[in-house]
2 protein chains.
Amino acid sequence: METRSIIITAGGIGKRMGADQPKQFLELLGRPVLIHTLERLYHFVPGSQLVLTLPEQYIEDWKELCTQYDCHIEHLVVAGGEERYHSIKNALEVCTGDIIAVHDGVRPLVSKATIERLFDAVVSHKAVIPVVEIKESLRRIDHVTSQAVQRSAYRIVQTPQVFHASVIRNAYNIHFHDAITDDASLVEESGEAIYLVDGNEENIKITTPSDLAVAMLFLSK
Amino acid sequence: METRSIIITAGGIGKRMGADQPKQFLELLGRPVLIHTLERLYHFVPGSQLVLTLPEQYIEDWKELCTQYDCHIEHLVVAGGEERYHSIKNALEVCTGDIIAVHDGVRPLVSKATIERLFDAVVSHKAVIPVVEIKESLRRIDHVTSQAVQRSAYRIVQTPQVFHASVIRNAYNIHFHDAITDDASLVEESGEAIYLVDGNEENIKITTPSDLAVAMLFLSK
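So, here's what we can say about the structure. The structure displayed is predicted, hence computed values, not measured ones.

1. Let's talk about the interface of chain A and chain B
Link 1 in the chain: Contacts between the two partners involve 39 residues from chain A and, on the opposite side, 39 residues from chain B.
Link 2 in the chain: The interface formed by chain A and chain B includes six salt bridges.
Link 3 in the chain: The shortest N-O distance in the salt bridge between R107 of chain A and E136 of chain B comes to 2.6 Å.
Link 4 in the chain: Inspection of the chain A/chain B interface yields 15 residue pairs in polar contact (both at pLDDT 80 or more).
Link 5 in the chain: At the level of secondary structure, the elements contributing two or more residues to the side of chain A that touches chain B comprise β8 (137–142), β9 (145–149), β10 (154–157), α6 (183–189) and α7 (209–220) of chain A.
Link 6 in the chain: With six residues, the single largest contributor to the side of chain A that touches chain B is α7 of chain A.

2. Some thoughts on the pairing of strand β4 (residues 49–54) of chain B
Along any regular strand the residues' side chains alternate between the sheet's two faces.
Residue and element names in this part refer to chain B.
Link 1 in the chain: The element β4 is largely enclosed, with a buried count of six among its six residues.
Link 2 in the chain: Side chains Q49, V51 and T53 project from β4 onto one buried face, and the interleaved L50, L52 and L54 project onto a second face that is buried too.
Link 3 in the chain: The sheet contact formed by strand β1 (residues 4–9) and β4 spans five bridges and is parallel. Paired with I6 across the strands is L50, a residue of β4.
Link 4 in the chain: Two strands pair when backbone bridges link them, and β4 and strand β5 (residues 76–79) are joined in this way by four bridges, in the parallel orientation. By the bridge assignment, T53 is partnered in β5 with V78.
Link 5 in the chain: Remark: the β4/helix α2 (residues 59–68)/β5 crossover connection has right-handed handedness.

3. What to know about the state of the cysteines
Link 1 in the chain: One pass over the structure, following the stated rule, counts zero disulfides over all chains.
Link 2 in the chain: Free of any disulfide, C66 of chain A has its nearest cysteine sulfur in C71 of chain A, 4.7 Å distant.
Link 3 in the chain: Residue classification places C66 of chain A among the buried residues on the basis of a relative accessible area of 9%.
Link 4 in the chain: Free cysteine: C95 of chain B, not disulfide-bonded; nearest cysteine sulfur from C66 of chain B at 18 Å.

Analysis parameters
- Residues numbered from 1 in each chain as written.
- Chains lettered and ligands numbered in written order.
- Predicted model: local features only at pLDDT ≥ 70, side-chain atom pairs only at ≥ 80, totals over all residues.
- Heavy atoms only, no water.
- Contact = heavy atoms within 4.5 Å.
- Salt bridge = Lys/Arg side-chain N within 4 Å of Asp/Glu carboxyl O.
- Polar contact = N/O pair within 3.5 Å; in protein donor to acceptor, adjacent residues only side chain to side chain.
- Helix = DSSP H or I, 4+ residues; strand = E, 2+ residues; numbered from the N terminus.
- Buried < 20%, exposed > 50% of the residue type's maximum accessible area, 1.4 Å probe, protein only.
- Pairing = 2+ DSSP bridges.
- Right-handed = clockwise from strand over helix to strand, strands pointing away.
- Disulfide = S-S within 2.5 Å.

As structure tokens, this is what we get:
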């Protein structure tokens, strides 16, 4: 079987949260968000190499949290770079898997079914990502005006995003972007087609206090 | 001052909810969703004519709910048509306001600030809608392929959508659509520009049991 590496990005310093701690360290039902995420990936993708990117200044805090919350899951910690792009590039240096996934540290609610769909599909596709439908009307802004667009033609993109190692390495070697929001768009620019599978609605990205409350609700169900 | 009518659409029969009752009648902290919505609009837009569209078969149930939950807010009830389009058209027949707003019955969480932004803007614009930013990456589907698009160029559309009466009447007179998801797109097709104001994140459309749980959380804060 092909080997797997999972990069968990936790580069943010949580300005939007308005909290003392970065959002990935905030507690969700008694455990930090990032520990939930790490544990979930460990259980759902057994045998993977887990690589966590963290801002340099939080690495010590993280180690203390792992001790404090009794989390002994083996993982590598890589110092994040200036931008998300650099963090992933640093993490890729230590990844050994044939398949490399990238997952947001603040998405602790990815389901087992989503993970299975992703890893099943990556057998025959080189770049696979989870998406969900948009339930509300959508408009596109065009300088000063805007137009209604068909929401059925759009999808919200989640993570993990899963790639053949050569594909993501290639994308990160030939391109630089200071503001990429997901890896699939970079891989796409390198010429690879992106294959979509269904994500799960609960797999939200925790970026505001409301998101944290919603996540709490989903997690306690 | 200009007079105001607010059409509250509650045409759905709630198949997605998997409940016995249509979703607008489900309880949110002890009161049906639709009663929350009605009460909120009554308080936030005082003096408005309130017009509710409901499927014919639910009109009696609704009247009983109003009695049961002690809701004595004056409002008209109009039988919904086959499609949302027909329901609004029926409701427009009885609207008397110079300004006509259309609001989803399953959005009980619109804020007072959103309402104020809308009605302030409609003084100088003929069609005004609330929108919020998209926090996650977005892709556009194009038959078998898909492409990343810039999320910053898109907005999620909410309600109430607020129009000069002549503008929405005109749009509904000259166009028919069997699958419109919002009034702004119809008004836009009639040649009017749509003015956007900030909505509020909590103003979600309740369409699934998860949404109901999230709404409960927002409402209890």
